Amino acid sequence: TSAYLTFQQYRVWMASPVARLLLPPNQPIDYFIQYSLTHFWMNLMIVLAVSLLAFVAAKLLNKRFQERFFLPEEPWLFATAILLAGHPGWIYYAAALLAVALLVSSIKYKVLSNKEWRFSFYWLWLPVAILAIIILRVLNTH
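Residue numbering note: each chain is counted from 1, following its sequence as written. Totals for whole chains, interfaces and linings use every residue, but because this is a predicted model, local features are given only for residues with pLDDT of at least 70 and side-chain atom pairs only at 80 or more, for both listing and counting. Side-chain descriptors were evaluated using all non-hydrogen atoms of the structure, hydrogens and water having been removed beforehand.

**Q** Just to check I follow, could you spell out the packing of helix α1 (residues 2-15) against helix α2 (residues 29-64) for this structure?
**A** Helix-helix packing is described using two parameters, namely the angle between the two axes and the distance between the axes. Only the stretch in contact is used when a helix axis is fitted, and all axes are lines through C-alpha atoms; the angle between N-to-C directions ranges over 0 to 180 degrees. Secondary structure follows DSSP: runs of H or I at least 4 residues long count as helices, runs of E at least 2 residues long count as strands, and numbering of each begins at the N terminus. Across the interface, α1 lies against α2 with an axial gap of 9 Å and an inter-helix angle of 145°. Crossing hand, α1 versus α2: right-handed. Contacts from S2, A3, L5, T6, Q9, Y10 and W13 of α1 reach α2 at Y31, F32, Y35, S36, F40, W41 and L44. Ten residue types, Ala, Val, Leu, Ile, Met, Phe, Trp, Tyr, Cys and Pro, are classed as nonpolar, four, Asp, Glu, Lys and Arg, as charged, and the remainder, Gly among them, as polar. Split into classes, the residues belonging to the contact of α1 with α2 amount to 10 nonpolar, 4 polar and no charged. We call a crossing left-handed when the near helix sits turned anticlockwise from the far one by less than a right angle, and right-handed when that turn is clockwise. Residue contacts are counted whenever heavy atoms from the two residues lie within 4.5 Å of one another.

**Q** Where do I start with the packing of helix α3 (residues 74-85) against helix α4 (residues 89-111) in this structure?
**A** At their nearest, the axes of α3 and α4 sit 7 Å apart, and the two run at 130° to each other. Taken together, the axes of α3 and α4 are oblique relative to one another. Judged by the sense of rotation from one axis to the other, the crossing of α3 with α4 is right-handed. On α4, the residues that touch F78, A81, I82 and A85 of α3 are G89, W90, Y93 and L97. Residues belonging to the contact of α3 with α4 are distributed by class as follows: 7 nonpolar, 1 polar and no charged. Every angle not falling under 35 degrees, over 145, or within 65 to 115 is termed oblique; those three ranges are roughly parallel, roughly antiparallel and roughly perpendicular.

**Q** Looking at this structure, how should I read α4?
**A** Each turn of an α-helix holds 3.6 residues, which means side chains three or four residues apart point in the same direction. Helix length check: α4 (23 residues) gives 32 Å between terminal C-alpha atoms against 33 Å at 1.5 Å per residue, within 8%. Relative accessibility thresholds used throughout: buried, under 20% of the residue-type maximum; exposed, over 50%; partly exposed, between the two (1.4 Å probe, protein chains only). Those residues of α4 that fall on the buried side of the exposure criterion are G89, Y93, A96, L97, V100 and V104. Expected helix span is given by 1.5 Å per residue-to-residue step, counting one fewer step than there are residues.

**Q** What's the story with the nonpolar core in this structure? I'm lost.
**A** A general feature of soluble globular proteins is that nonpolar side chains tend to end up buried together. Definition used in this section: a nonpolar core is a set of buried Ala, Val, Leu, Ile, Met, Phe, Trp, Tyr and Cys residues joined via side-chain atoms within 4.5 Å. F78, I82, Y93, L97, W125 and V128 are the most contacted members of the largest nonpolar core, which totals 19 residues. Elements represented by at least two residues in this core include exactly α2, α3, α4 and α5 (125-141). Considering each element in turn, this core owes the most residues, 5 residues, to α4. Setting aside anything within four residues of it in sequence, one finds L97 in contact with F78, F121, W125 and V128.

Listed below in structure tokens is the structure:
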């Protein structure tokens, strides 16, 4: 999407006699590149960085604590879900994950207080991301 938007922005500026002044040879190409980066690529770069950071953190924490937190493919699901949620959707995603974890923990405490039970997000990484996307869309329409 970012590449398409960059291409279309260039075409729009080329079509307008006034906006053409913002393109080479009237302006250095740096101006258009900076404009494209800040308007079309910044959100993608932010979410890629957050996704990569979350993936590395999940892998390191899991390795440090003897594979106690995640199944081997869960960090991949977590990073993919962050990418799907986008920016700023990953913030809503983190809040939704926290809410689901608190809900499950409180249910576990009430129902299974004396039994040993381990909760895994394996089947929740992507559905919670979809929930975060829906919440973000609803908030943006009002």
